[in-house]
Each structure stands twice: as C-alpha cells, then as structure tokens.
Amino acid sequence: MNIALKIGASALALSFAAGMAAAQDDSFWKEAGAQFEGVTLRGVTEATPPSNYVKDVLAPQFEELTGIRVDIETTSWDQMYDKAIKDMEAGTGIYDMVYIEQDIVYAYLARDFLTDITGTLTEKPELKSPAFEESMLTSFAEFFRDEDDHLYGMPVEAFIKPYLYRTDLFSDPEIMAAFKEQTGRDLAPAKTHEEYTEIADFFTQWGKDHDLDLWGTTAQAHTGHAASWYEYFESVAPTFGVYNWGIDPENNYAATVENGGQMNSPEAKEALKWWLHLRDIAPPESVQSTWTEVATTFAAGRAAQGLVYGENAAWIASDENQSRVVGNVGVALPPLSEGVLEDAESGEGYLGYYDGGAFGVPVTSKNKEAALLFLQYIAQDELQADWALAGSRITNNATYDDPKVQALNEELGGYFDMLRDQGDLFGGAPAYPFHAQVREATAPIFYSILTGDIGPDEGLDQMAAKAEEELTSLGYRQ
C-alpha cells in the first residue's frame, strides 16, 4: 500500500472510530438528559471569546441532544463577578453555572459556595459521562481543587500572558538598521526590562518621526479599573521577582518591608516605575485600557510589542476581520530580572499570570444535576479543537496534538507550544481567600498613583500598610 493510500485508510478508520464514539456519546446525552427535558439552565460569564463560543455553539448543541436549554449571559468582568457573588450570597439560585476566575476560587471554596463535582459524580454515577475523566484535563484544573483533591470547577479557558511582538516590524531591514545604529545591538525580542524599554522607546519615536499610528508598547493602565491593578501585581511585579503581591503568608501575612513583606520593596518600586514609563510612551488609549482594549490596540497595529492575554492571541494572529496584524505576530517569554527564570524553574517563583477560569455550579442552583451534565459535555475532547481556535484556550491535554490546533500554533508563533511546554513557569493567583478584600482596599491608592496624585514610592508604601491593616481586620495578621 502506498503512502497516500495508507493515509487515506488511516483517516477513514479514524473517521469511523470517531463516528462510533460520537454515536455512543450521543446516546448517553440523550438518555441522561431525558429526565431534565424542558429544564432551562442559566449561567453568567464574562464576554470573552471562549465564553461566547460556549453561548453560541456548545449550548445549542447540548440543547439539541438533551432537550435542556442553556442560557448563557455574557457581560463585563465586573458585572459578571457582581451578579454571581450576589446570587450565591443571597441564595437566590438565579444561576445554575457561574464563571469562576482562577484568582477568586479560593474565596468561593472558603465560603462553601460551590458544588463538589468529583463527589457528586461519584455519588451519582448515572450522571457521569463515559467520555469524561478528570485526567483528561490539563494541570490548570489543579487550581480548582480543594485540599481533598476534589474538582469544583470545569475549566473553560486557560492561557498565559505572553510577550507579543510584531514580526513584520522586527524584521524590517530599514528598522533593523536604524535600531542597530542607535543602540549598537540587533533588534530582537527583549529578554530584560532594559532591552524592552529600549525597544519601546525606539518604536514610539519611530512612529513620531514617520507620522505613523505606532507606539513602542501596550499598557493595561486604566485609572479606575481593576485591570491595571492586576497588570502590575500579576504580570509586571513577578518579572522583577516580587511574587504573590509581595505578601508573605509564612511571615504573618506581612506586606511591608518593615515587617518582612515585599509589596513596597525596592524591586516592587522599580517594577512600578518601569511600567509607568511604558504607559507614558504607549498609545494614548492606554490610560483607559483594560485587558480587552490592550488586545484591540495590538490588533489594530498600534503597538510594536506588549504583554497581551493569550485568550486574544488566536484572533489577533489569524482573524482578518478583526486584526490588521494577521501573520505578523511573534510570541516570547516576558522580559525578566536576573534570577526570576531560575526561581520559576525551581518552583520558588513564576514569570507571570497563568490565567483563565472554570464553570462552577453554585450550591444554591435548583438544577445541579442537569448543570453537571452540561459541564461534562463541554469537557469532551472532540469539542476542544474548534473551541481552541475560537478562543486561544486549551484545557484538555489531547487538544495540543489536534492538527487544526497545530496549524494555528504556527500562525501564533508557537504560543500553544509555549503554553504546553512552559506554562508551568507561570503561576495562578496566590491561594488567598481574602483576594477581593485586599484588592479593593489597596486599589484606590493604586489608582491615585496612576493619576499622579501620589508618587510611586509613597503610594506603594501606603498600599503595603493598607494591605496589612486589611489583613489584620480580617484576622489573618495576628
């Protein structure tokens, strides 16, 4: 048999096997869902590409198979969080599924808001799909487990925040020659903060000199939105060696340098001043940019480089209807201070934020069992590749090897390879049940730094003191 025939026969066999598996799976969903026919599940999530795919594609598919309607409400990040937590606090049971950001799950677990997925499927095996095993999920699922290793959230998106750069600009002969003449070194993605600043300054000036809508960097620097607080603490500070917001749980939750913390350390202050400089040479919309606007800024070709959430990488690199830089996107690790990479490799630190979220079922839901069927449905391996293409997210191990995902990986400059091979160098948010309280306590001071009402050194001193004050009132500091 020649190579072409072998490939054709293999493809036919795989297609037949996939068809048999789909038929068996369809049978399960129809039988398991029959008892819930007519039920409507309601969920709330952030309006991101992965969540929109659930609403527009997966939910209708599930309804067609089971008769269970799924209404997914997609909204802004702050509204999503507000609606979900108010519903769970009041016990009103409006939502059967809520989006759980990785950084807030520890607070939800501490307050017993969520249904135990592992435990419920063990107690009620008739609800468990033969196509679902928790081992299918990537290591990102570990962020949604309790101390007994039980799963409380089904991952729906997982991504790191890499360094994106314009390959067309970085390889332009005229630009390369000008950069070499000005700096004495070849133009290449930055490995240090000094190199990044040099590149950013160069391209901002290049844009001015050539009357271009081009700046040297992005900046997620909104003066009144939590996105800027997160950019600093979860994406910038770690690259300078300041981890876990500069709070030390092993040292009485110290935040100030005086008490053994790092929130106002020299490294933290250096990180903040570096980032503020980048903000000042970034596109003018940066002072009102959240995670969404940073992505659209880069996609519009207005920045030569930037730290951009990976959930946006696919459409930026491949969707000509939304992006002007299709085919010209490179990906690299963020710039780092000396020793940070070694910290990440040893598990003592991390390079930036491993972001994402899961759908959880509130204990107040009136349709827990039907909701658990839906969560298992969207976790199937065969549904993941198209979802990855739509939202740059991978939550199942098998997805990396799918031919469609591998093809997109090349367009993304190897982003999925980085997620698979170097994702463990990034870290989720610290396991703080007090996450929201400390953020809310310190954010007003941080915004005052951004507006120039307080200097960065003085501001971080105030933030560290405020964090300790809040942790004391919450009972964490003794």
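Residues numbered from 1 in each chain as written. Predicted model: local features only at pLDDT ≥ 70, side-chain atom pairs only at ≥ 80, totals over all residues. Heavy atoms only, no water.

1. Observations concerning the sheet that holds strand β5 (residues 163–166)
The strands making up a sheet associate through hydrogen bonds between their backbones, and the pairing can be parallel or antiparallel.
Logical step 1: The strand order β6-β5-β7 describes an open sheet built from three strands, whose pairing is antiparallel. Here the strands that pair on one side only, and so sit at the sheet edges, are β6 (305–307) and β7 (329–332). The average undirected angle you get between the axes of adjacent strands in this sheet is 25 degrees.
Logical step 2: Sheet topology places β5 next to β6; three bridges connect them, and they run antiparallel. Counterpart to Tyr165 in the pairing with β6 is Gln305.
Logical step 3: On top of the sheet, helix α8 (residues 193–209) reaches β5 and β6; it is set at about 130 degrees to β6, its chief contact. (Pairing = 2+ DSSP bridges. Helix = DSSP H or I, 4+ residues; strand = E, 2+ residues; numbered from the N terminus. Axes fitted to C-alpha atoms, helices over the stretch in contact; angles between N-to-C directions. Contact = heavy atoms within 4.5 Å.)

2. Side note on the side chain of Thr218
Logical step 1: When you line up the elements, Thr218 lands in the loop between α8 and α9 (226–236).
Logical step 2: One polar contact links the side chain of Thr218 to the main-chain amide nitrogen of Leu307, over a distance of 3.5 Å.
Logical step 3: Contacts of Thr218, omitting those with residues within four sequence positions, involve Ala282, Val294, Thr297, Phe298, Ala303, Gln305, Gly306 and Leu307. (Polar contact = N/O pair within 3.5 Å; in protein donor to acceptor, adjacent residues only side chain to side chain.)

3. Things to note about the sheet that holds strand β2 (residues 69–75)
Logical step 1: What the five strands build is an open sheet, ordered β2-β1-β3-β8-β4; its pairing is mixed. Every other strand in the sheet has two partners, leaving β2 and β4 (154–160) as the edge strands with one partner each. On average, adjacent strands in this sheet sit at an angle of 20 degrees to one another, irrespective of strand direction.

4. Quick word on the pattern of salt bridges
Logical step 1: Taken as a whole and assessed by the stated rule, the structure comprises 24 salt bridges.
Logical step 2: The residue Lys86 makes a salt bridge to Asp82 at a minimum N-O spacing of 3.2 Å. Residue Lys86 and its partner Asp82 are located together in helix α3 (residues 77–90), separated by four residues, close to a single helical turn.
Logical step 3: Across the pair Arg145 and Glu134 runs a salt bridge whose closest N-O atoms are separated by 2.8 Å. With Arg145 in the loop between α5 (117–123) and β4 and Glu134 in the loop between α5 and β4, this pair connects stretches of sequence that are 11 residues apart.
Logical step 4: Given the relative accessible area of 11%, Arg145 is considered buried.
Logical step 5: Linked by salt bridges that have partners in common, Glu134, Glu142, Arg145 and Asp149 make up one network. (Salt bridge = Lys/Arg side-chain N within 4 Å of Asp/Glu carboxyl O. Buried < 20%, exposed > 50% of the residue type's maximum accessible area, 1.4 Å probe, protein only.)

5. A closer look at unusual backbone geometry
Logical step 1: One non-glycine residue with positive phi stands out, namely Asp112, at about 55 degrees.
Logical step 2: The topology assignment puts Asp112 in the loop between α4 (105–110) and α5.
Logical step 3: Even without a glycine there, the phi angle at Asn244 is positive, about 55 degrees.
Logical step 4: Position of Asn244 relative to the elements: it lies in the loop between α9 and α10 (266–280).

6. Side note on the nonpolar core
Logical step 1: Counting residues in hydrophobic clusters, the biggest one holds 164 residues, and the most contacted among them are Phe203, Tyr232, Ile247, Trp275, Phe374 and Leu375.
Logical step 2: In terms of residue count, helix α18 (residues 435–450) provides more of this core than any other element does, eight residues in total.
Logical step 3: Shared between two domains, this core takes at least three residues from each, and those domains are domain 1 (17–159 + 355–425) and domain 2 (163–352 + 434–474).
Logical step 4: Leave out the neighbours within four places in its chain, and Leu375 touches Met97, Ile117, Met154, Phe359 and Val361. (Core = buried A, V, L, I, M, F, W, Y, C linked by side-chain atoms within 4.5 Å. Domains from an automatic or database assignment.)

7. Some points on the domain arrangement of the chain
Logical step 1: Examined at the domain level, the chain breaks down into domain 1 (17–159 + 355–425) and domain 2 (163–352 + 434–474).
Logical step 2: The centre of domain 1, based on its C-alpha atoms, is set 30 Å off from the matching centre of domain 2.
Logical step 3: Each partner contributes to the interface: domain 1 provides 24 residues, whereas domain 2 provides 26 residues.
Logical step 4: Both sides together, the interface formed by domain 1 and domain 2 hides about 2,000 Å², and carbon and sulfur atoms give 65% of it.
Logical step 5: Counting across the interface, domain 1 meets domain 2 through five residue pairs in polar contact (both at pLDDT 80 or more).
Logical step 6: Taken together, the elements giving at least two residues each to the side of domain 1 that touches domain 2 come down to α2 (49–66), α3, β4, α15 (384–391), α16 (403–411) and α17 (415–422).
Logical step 7: Residues of the side of domain 1 that touches domain 2, tallied by class, amount to 13 nonpolar, six polar and five charged. (Buried area = accessible area lost by both parts, 1.4 Å probe. Nonpolar A, V, L, I, M, F, W, Y, C, P; charged D, E, K, R; others polar.)

8. A look at the environment of Thr92
Logical step 1: With respect to the helices, strands and loops of the structure, Thr92 is situated in the loop between α3 and β3 (97–101).
Logical step 2: On the accessibility criterion, Thr92 (40% relative accessible area) is partly exposed.
Logical step 3: Thr92 sits 14 residues away from Tyr106 along the chain, and the two C-alpha atoms are 22 Å apart.
Logical step 4: Setting aside chain neighbours within four positions, we find Thr92 in contact with Asp87 and Lys366.

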